[in-house]
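# Working through the structure, step by step
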Amino acid sequence: MFFFTLLAIYPSVFVIILSFFAHGKGTNLSVALPNLSNFIAVWKDPNFGKILSQTLFYAGVATILHILLGFTFALLLNILPLHPFFIRTIRTIFLIPWAITPTVVAILFRLILHPQVGPIAIFLKSIGSPIVFGPLGQPAYALLSVTLTNVWMFTPFYMLMILSALQAIDPGLYEAAVVDGAGGSQQVFFITIPMIKNTLLTLGMFDFVTTAAYFDLTWIMTQGGPVRTSEIIPTWVYRTAFQSFEFGKASAIGLILFLISVTVSIIVLRALDKE
Amino acid sequence: MLISRMSRWLKVVCCCGLSLLAVIYISPYLWMIMSSFRPSTEPFALRIFPRSWTIANYISVLQDKEFLASAFNSFKVASISASLALVLGIPAGYSFARFRFSSRDLMMSFLMVVPTFPGILLAITLFVMAVKFGVYDTHYPLILANTLINLPFTIWNLRTVFEATSREIEESAMVEGCSRLLALIKVVLPITLPGLASTFAFVYILSWNEYLFATTFIATSEKRLITTTMASAIGQFNVNYAKLIPAAVLSTLPLIALFMLIQRYIIKGLAMGSTKG
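Everything numeric in this text was worked out from a predicted model, so none of it was measured.

On to the overall build of chain A, then. On a plain count of helices and strands, chain A comes out with twelve helices and zero strands. Reading chain A from its N end, one meets helices and strands in the order α-α-α-α-α-α-α-α-α-α-α-α. Looking at chain A as a whole, 42% of its 275 residues qualify as buried.

Summing up its helical and strand segments, chain B has twelve helices and zero strands in all. Listing the helices and strands of chain B from first to last along the sequence gives α-α-α-α-α-α-α-α-α-α-α-α. Oriented by its inertia axes, the alpha-carbon framework of chain B measures out at about 70 × 70 × 35 Å. Going through the 277 residues of chain B one by one, you find that 42% of them count as buried. Taking as baseline every contact in chain B between residues at least 6 positions apart, the subset at least 24 positions apart corresponds to 75%.

What follows deals with the confidence of the model for chain B. Averaged over every residue, the pLDDT of chain B is 81; residues scoring 70 or more account for 91%. Across the assembled chains, the prediction reports ipTM 0.84 with pTM 0.86.

Further remarks concern the interface of chain A and chain B. Facing 68 residues of chain A, the contacting portion of chain B comprises 62 residues. Among the elements that take part in the side of chain A that touches chain B, helix 4 (residues 84-99) of chain A stands out by supplying nine residues, more than any other.

For the rest of this paragraph, the subject is the nonpolar core. Within the largest apolar cluster, 136 residues are counted, with the highest numbers of intra-cluster contacts made by A:Ile107, A:Ile162, B:Ile120, B:Ile124, B:Met230 and B:Ala248. Top element by residues in this core is helix 7 (residues 142-167) of chain A. It accounts for 14 residues. Not counting residues within four places of it along the chain, the set of residues in contact with A:Ile162 comprises A:Gly70, A:Phe71, A:Ala74 and A:Ile196.

The next point concerns the packing of helix 3 (residues 65-98) of chain B against helix 6 (residues 140-164) of chain B. Residue and element names in this part refer to chain B. In the contact formed by helix 3 and helix 6, the axes pass within 6 Å of each other and the chain directions differ by 40 degrees. One way to sum up the angle between helix 3 and helix 6 is to call them oblique. In the packing of helix 3 onto helix 6, the handedness of the crossing is right-handed.

Within the secondary structure, B:Val128 is located in helix 5 (residues 119-132). B:Val128 gets classed as buried once you count the C-beta atoms within 10 Å, which come to 21.

Bringing the environment of B:Phe153 into the picture now. Residues and elements named next belong to chain B. With respect to the helices and strands, the residue Phe153 is situated in helix 6. Exposure remark for Phe153: the 21 C-beta atoms within 10 Å place this residue in the buried category. Taking the C-alpha atoms as reference, Phe153 lies 17 Å from Ile80; in sequence the two are 73 residues apart.

Moving on to the environment of A:Leu166. All names here are of chain A. Structurally, the position occupied by Leu166 is in helix 7. As for Leu166 and Leu56, which are separated by 110 residues in sequence, their C-alpha atoms are 29 Å apart. With residues near it in sequence (within four places) discarded, Leu166 still touches Ala74, Leu75, Asn78, Thr192 and Ile196.

Our next topic: unusual backbone geometry. Residue and element names in this part refer to chain A. Its identity as a non-glycine residue notwithstanding, Arg228 has a phi of 60 degrees, on the positive side. Note that Arg228 resides in the loop between helix 10 (216-221) and helix 11 (233-243). For Arg228, a count of 19 C-beta atoms within 10 Å translates into the label partly exposed. The residue Phe245 is not glycine, and still its phi comes out positive at about 55 degrees. Its location among the elements puts Phe245 in the loop between helix 11 and helix 12 (247-274).

Residues and elements named next belong to chain A. Along its 26 residues, helix 7 runs 38 Å from first to last C-alpha, staying within 8% of the 38 Å computed at 1.5 Å per residue. Along helix 7, the sharpest kink reaches roughly 40 degrees, centred on Phe154 and followed within four residues by the proline Pro156. Across the 26 residues that make up helix 7, a large majority, 21, are buried.

What counts and what doesn't
- As a convention, each chain's residues are numbered from 1 in the sequence order in which they are written.
- Naming scheme: in the order in which they are written, chains are lettered from A and ligands are numbered from 1.
- This being a predicted model, a pLDDT of at least 70 is required before a residue's local features are given, and a value of 80 or more before pairs of side-chain atoms are given or counted; all residues contribute to the totals for chains, interfaces and linings.
- Numbering goes from the N terminus for both helices and strands, where a helix is a DSSP run of H or I of at least four residues and a strand is a run of E of at least two.
- In this scheme the burial state of a residue depends on its C-beta neighbours within 10 Å: 20 or more other such atoms mean buried, 12 or fewer mean exposed, and anything in between means partly exposed; the C-beta positions come from the backbone.
- By the criterion used throughout, residues are in contact when their C-beta atoms, derived from the backbone, lie within 7 Å.
- pLDDT is a residue-level measure of predictor confidence that goes from 0 to 100.
- As used here, a nonpolar core is made of buried Ala, Val, Leu, Ile, Met, Phe, Trp, Tyr and Cys residues. They are joined through C-beta atoms within 7 Å.
- Angular values range over 0 to 180 degrees, each being the angle between N-to-C directions of two axes fitted as lines to C-alpha atoms, with helices fitted over their stretch in contact.
- Here the word oblique covers every angle except those under 35 degrees (roughly parallel), over 145 (roughly antiparallel) and from 65 to 115 (roughly perpendicular).
- Handedness of each helix crossing follows the sense of rotation of the near helix against the far helix: counterclockwise by less than a right angle gives left-handed, clockwise gives right-handed.
- Expected helix span is taken as 1.5 Å per residue step, with the number of steps being one fewer than the number of residues.
- Throughout, the bend at a residue refers to the angle made by two axes, fitted to the seven residues ending there and to the seven starting there.

This is the structure we're talking about:
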């Protein structure tokens, strides 16, 4: 446990030090007093606002869709009175995308969305459509494509989480509601959703925070391109740290991301505490 | 249950509908599997099933030294990380399950917060550390990083595993003269073997899937892991699809099968995190 705490705390302290002290290239700490020049450099970076809003879009849209789709699938699996074995099998099949290596998911969707070899593009060509289909290469659609890929990959996980929350609801509540004459949709809105609201909020928070920091898919699918239209903070940090070796600035960007995450978490936890 | 009764026909319709939905949902992956069997003369045709099936692609992948080497590297890193996570996680998970200490809940929620720390920041720190200690471009920082990021889940899951076993068994062993440690090793661990094995397998899968650290810490191509090898293959100008697709299938299918086997043992641990956190 001690070992773990050490390992968890040390990196966070270290990047904070880096962000305040390290300037320019490399990791040499300058002996100057701690200052905010890295943070100011990030703030003044012309791309900062753009990348930040892209990150918020990516994480926000993905979170909303994860929870919405996950809830729908979970509800379907939970309410239909089918054979438990069948339900378990379907659930397992739904889980497959989440079990695939993220790298392979990225490769898979690069192929599917490929303008020459992808099945969608070939299909469009075969029916003589003039549309050039290659969303990953188009500035307007690249970010959206990556976001939807993320949705495809991670919705199963949230479905699973919501499903186990649904199964924890006392069936007596529904029986009582039926006695009182509640219809199906009324049961969903007045029993199911209030009962799992806290789980949904916690999941949503966790989802937003982890998606905003999620690097693999974006990097392999688009590398943040074309012309940085799908760049999000993690890929920007990576680029700054490992391609231009400005570790101080990279740490500063990363810490800004972390601050946003912490703020979101605190807001959600406050909302939960009010209950 | 919201719906308690349904006619038999409606049930059949629902079954078909759900199955169809599930198949559509995973169809991109099915497409990939189908494509891996296409002969390279007919690479990306429209039809769902290949006109002629071939396993030539698989044979060429299995003879590819780069693929095999990186698969072996991934195997090495993932199994060592999973073992380490288990060795460190068993005492921690056991203490969380059995002992009451004042900071227990605080520490458990701290474990929930840790995964929200951006991995990319961890990568920077570990990169700088690795360079300083001269272990850059070796597998050590990778093993360390994978153990570290998977430890919170390991502890959470092992806690639920240990909580599910009854105290009486180990207590009776302790009455017989075992120390607590001996009771843990000789009595509790054998009973919880399925849970332990699943935790191991899940951490193994996660470490195998890991990309960010693998691409950060490794520069030499012989030391690359499977994820970085594939990612660099798709980044090239002339992508050899006939090799890449079977490689992707080969590196994922076994893990998916493994995942299906173990999922019921890890769901509880995962769900606990989301409802209690």
